[in-house]
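# A look at the structure
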Amino acid sequence: MDLGIRGKRALVCASSKGLGRGCAEALAEAGVDLVMNARGAEALEATAAEIREKYGVNVVTVAADVTSAEGQAAVLEAAQGVDILVNNAGGPPPGMWTDWEREDFLSALDANMLTPIAFMKALVPGMIEKGWGRVVNITSQSVKAPIAVLGLSNSARAGLTGYVAGTSRQVAQYGVNINNLLPGSHDTDRIAALDAGAAKNAGVSVEEARATRQSTIPAGRDGTISEFGATCAFMCSQHAGFMVGQNILLDGGNVNATL
């Protein structure tokens, strides 16, 4: 399917690996030029080089921590005029409700709510001026079904979801569509770390912990970053022009809900 976005420009945050890389690759395959961001310069440059060679698109890289004012400024300077924004950030660490103090919540809010909002405020006006734009916020299945040990993530991402619910409906008339993409378990470093933690707590091998977790997923497996990227690219395409303020689950059926 022709996504109709060849020649567009996209900012994809946290895109050196994992879900962000999947989105960057899928957009590049559709002919979209990229501004890629991640904290680690080495991994970012390696991924960007692979994408340039494979897809022949223009790729600009900005190694920066986007939760800092300096990092945000550097990324936004490179990303002015983009047509597509993919907000993405790693989730805060797991724990129990007794573990978290005010500073922990502020860090989670900075990464998973306030930074995506800042990027939307900075870049959506340019999309409105052009009469076309797409924003995809990568959040989590926990927005639909909270995960007890991910209380920091639950809180911050739910706040972003509420912001998008109102904002998306204010800008849709200008041809700008804002939606959220909610991953379940995917084959990434994040899920590997969670499996390792679960294995340690249960006194079992990582393989046993992973198998136990995957047995609760109706699909019986973790998702791949290519599957995730393809879904993101569709949400950024010309075909998603009537999709406004939606929360799209990609979780292998893990969230057991009618709506």
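Source: prediction; values computed, not measured.

A separate point is the nonpolar core. Core analysis: the biggest nonpolar cluster contains 33 residues, and Leu 27, Leu 34, Ile 84 and Val 86 have the highest contact counts within it. For this core, the elements supplying multiple residues, two or more each, are β1 (9–12), α1 (18–29), β2 (33–38), α2 (41–55), β4 (84–87), β5 (133–138) and α8 (225–235). Among the elements that make up this core, the one with the highest residue count is α1 (six residues). The residues touching Leu 27, leaving out its near neighbours within four places in the chain, are Ile 5, Ala 10, Val 12, Val 32, Leu 34, Ile 84, Val 86, Ala 233 and Cys 236. Counting residues in each nonpolar core, the second largest holds 24 residues, with Cys 13, Phe 119, Leu 160 and Val 176 among its members.

Relative to the helices and strands, Ala 230 resides in helix α8. Distance in space between the C-alpha atoms of Ala 230 and Glu 29 is 9.6 Å, their sequence separation being 201 residues.

Pairing between β1 and β2: four bridges, direction parallel. Opposite Leu 11, over in β2, you have Val 35 as the bridge partner. With α1 bridging β1 and its parallel neighbour β2, the resulting β-α-β unit is right-handed. Bridge analysis of β1 against β4 gives three bridges, and the strand direction is parallel. Within β4, the position partnered with Val 12 by the bridge is Val 86.

So, about helix α7 (residues 206–214). For an α-helix the count is 3.6 residues per turn, leaving residues at separations of three or four pointing the same way. Here α7 has its buried residues at Ala 209, Arg 213 and Gln 214. Around the axis of α7, the buried residues are gathered within 130° of arc, so they sit on the same side. Pointing more than 90 degrees away from the buried face of α7 are the exposed residues Glu 207 and Thr 212. Turning to α7, the residues buried within the fold contact α6 (189–202).

Regular strands place side chains that alternate from one sheet face to the opposite one. The buried fraction of β5 is high, at six of six residues. As paired strands, β4 and β5 are joined by four bridges and run parallel to one another. Considered in β5, the bridge of Asn 87 is made with Asn 137. The β-α-β motif built from β4, the intervening helix α4 (residues 102–130) and the parallel element β5 has right-handed crossover chirality. Looking at chain direction, β5 and strand β6 (residues 176–183) are connected through six bridges and run parallel. Following the sheet pairing, Arg 134 is matched in β6 by Asn 177. Following the backbone out of β5, through helix α5 (residues 151–171) and into the adjacent parallel β6, one traces a crossover that is right-handed.

Cut-offs and rules
Residues numbered from 1 in each chain as written. Predicted model: local features only at pLDDT ≥ 70, side-chain atom pairs only at ≥ 80, totals over all residues. Heavy atoms only, no water. Core = buried A, V, L, I, M, F, W, Y, C linked by side-chain atoms within 4.5 Å. Buried < 20%, exposed > 50% of the residue type's maximum accessible area, 1.4 Å probe, protein only. Helix = DSSP H or I, 4+ residues; strand = E, 2+ residues; numbered from the N terminus. Contact = heavy atoms within 4.5 Å. Pairing = 2+ DSSP bridges. Right-handed = clockwise from strand over helix to strand, strands pointing away. Arc of directions from axis to C-beta.

Treat this as a map of the structure, not an account of what it does.
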